[in-house]
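Observations on the model geometry
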Amino acid sequence: NINKAIFYHFIMTFLFGLGYLLSINLIKDKKHATAVQYLTLDKTFFYLAFALTTFGLFTSILTVNNIYPIKQYILHLFDYGQHKELLVDIKYKSNTSGLSGIVKMFNYAPLGVFFIVSSYLNFYKIQKKSDEKKLIGLLVYTIICSLTKTFFSLDRLTLLGVLVVMLYTLFFSKTKLKNYFIAVILLIFSILSFITSAKMSNLGIVEFLRLYCRLGLTNFELLIENPVNYTWGLNTFFMPLYFIAKFFNIPLDVPQAKGVVWDNAQYFFGYLFLDFKFFSFIVVFLLGIMIARFQMLINRKKKYAISMFFV
């Protein structure tokens, strides 16, 4: 029975939306940029972006190779039907042991660079044609690296991240790349189906998404019924402190939910409730206001805000 979780979910979503709409409508944004904004990029940006993307793909491969011989792993991928348990075990060990977390966090570098490049192409006109061609080339390279690395990390989050950007571009952007993006979307669904099949038996994409949503709500329900002490942001906003403390071998206890189904996975509202209990209703309202302010910076074409838009 997840009735309470669904009720809390809708209340928190409503309060988030209310905070956003009130802030957008009550504050007159006199600095809204209406003219076309041009962007100039220097060589350093391209060198750094290519280097980070390449390094991120390399660390993804290295993460697996540290646990299991990479050649054998690739052979098992081609015959994943016979090696599902082994592949899941390799993924688990890759996440929980092996290389330092400081190295493994770069596994998401290709996706991060893809987000930034996509933001620039969606919101700006590029001043130089040569820069525009380089940026499109960089976009293609980040897509290739992001999709390739998912075969080693077996994570669907990267695929869903790329998919969100593609769908946003199709519906809201005037870029010339739309037709190519449709082909990429179809490719993403194929890879998503492959990874789901490699990790879970007899589940398609739709069943996986339904299971994923249901799991978050189920654990949220159990959290509501079995509350723990306030964690004051350590499960959400201040979670990086946990990893920093772990790196320096400083003990930092972050309370988790008492009763869970399958594993302790929550989703954002669940983690927020862990941190602030009923004060989380106030937090989501304030988050709505904060996101509205961020949207205003996007409207003004502020470069640092646009860089962070998809991130």
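That block above? That's the structure.
Remember, it's a predicted structure, so these values are computed and weren't measured experimentally.

Rules behind the numbers
- Residues numbered from 1 in each chain as written.
- Predicted model: local features only at pLDDT ≥ 70, side-chain atom pairs only at ≥ 80, totals over all residues.
- Heavy atoms only, no water.
- Helix = DSSP H or I, 4+ residues; strand = E, 2+ residues; numbered from the N terminus.
- Buried < 20%, exposed > 50% of the residue type's maximum accessible area, 1.4 Å probe, protein only.
- Contact = heavy atoms within 4.5 Å.
- Axes fitted to C-alpha atoms, helices over the stretch in contact; angles between N-to-C directions.
- Parallel < 35°, antiparallel > 145°, perpendicular 65-115°, else oblique.
- Nonpolar A, V, L, I, M, F, W, Y, C, P; charged D, E, K, R; others polar.
- Salt bridge = Lys/Arg side-chain N within 4 Å of Asp/Glu carboxyl O.

1. Looking at the overall build of the protein
Looking only at helices and strands, the protein has 14 helices and two strands in total. Its C-alpha atoms give the protein principal-axis dimensions of roughly 55 × 55 × 40 Å. Burial statistics for the protein: of 311 residues in total, 41% are counted as buried. Within the protein, counting contacts between residues at least 6 apart in sequence, those at least 24 apart form 77% of the total.

2. Brief notes about the packing of helix α2 (residues 43-65) against helix α7 (residues 129-153)
Orientation of α2 relative to α7, taken along the N-to-C sense of each, is 10°, at an axis distance of 9 Å. Judged on the interaxial angle alone, α7 and α2 are roughly parallel. Between α2, through Phe45, Phe46, Ala49, Phe50, Thr53, Thr54, Leu57, Ser60, Ile61 and Val64, and α7, the contact on the second element is made entirely by Asp131, Lys134, Leu135, Leu138, Tyr141, Thr142, Cys145, Thr148, Lys149 and Phe152. Classifying every residue of the contact of α2 with α7 gives 12 nonpolar, five polar and three charged.

3. Quick word on unusual backbone geometry
Positive phi values are uncommon outside glycine, yet Leu154 reaches one of about 50°. Among the structural elements, Leu154 can be located in the loop between α7 and α8 (157-172). A positive phi angle, near 55°, is found at Asn249, a position not held by glycine. Within the fold, Asn249 resides in the loop between α11 (239-247) and α12 (268-276).

4. Overview of the pattern of salt bridges
Summed over all chains, the structure comprises three salt bridges. Here Lys93 ties to Asp89 by a salt bridge, and the two come within 3.2 Å at their closest N and O atoms. Here the residue Lys93 and the residue Asp89 both occupy positions in helix α4 (residues 84-96), the gap between them amounting to four residues, near one helical turn. Judged by relative accessible area, Lys93 falls into the partly exposed class, the value being 38%. The exposure class of Asp89 is partly exposed, given its relative accessible area of 32%. Of the charged contacts, one joins Asp155 and Lys149 as a salt bridge, the two residues approaching to 3.4 Å between their closest N and O atoms. Judged by its relative accessible area of 2%, Lys149 is buried.

Geometry only, nothing functional implied.
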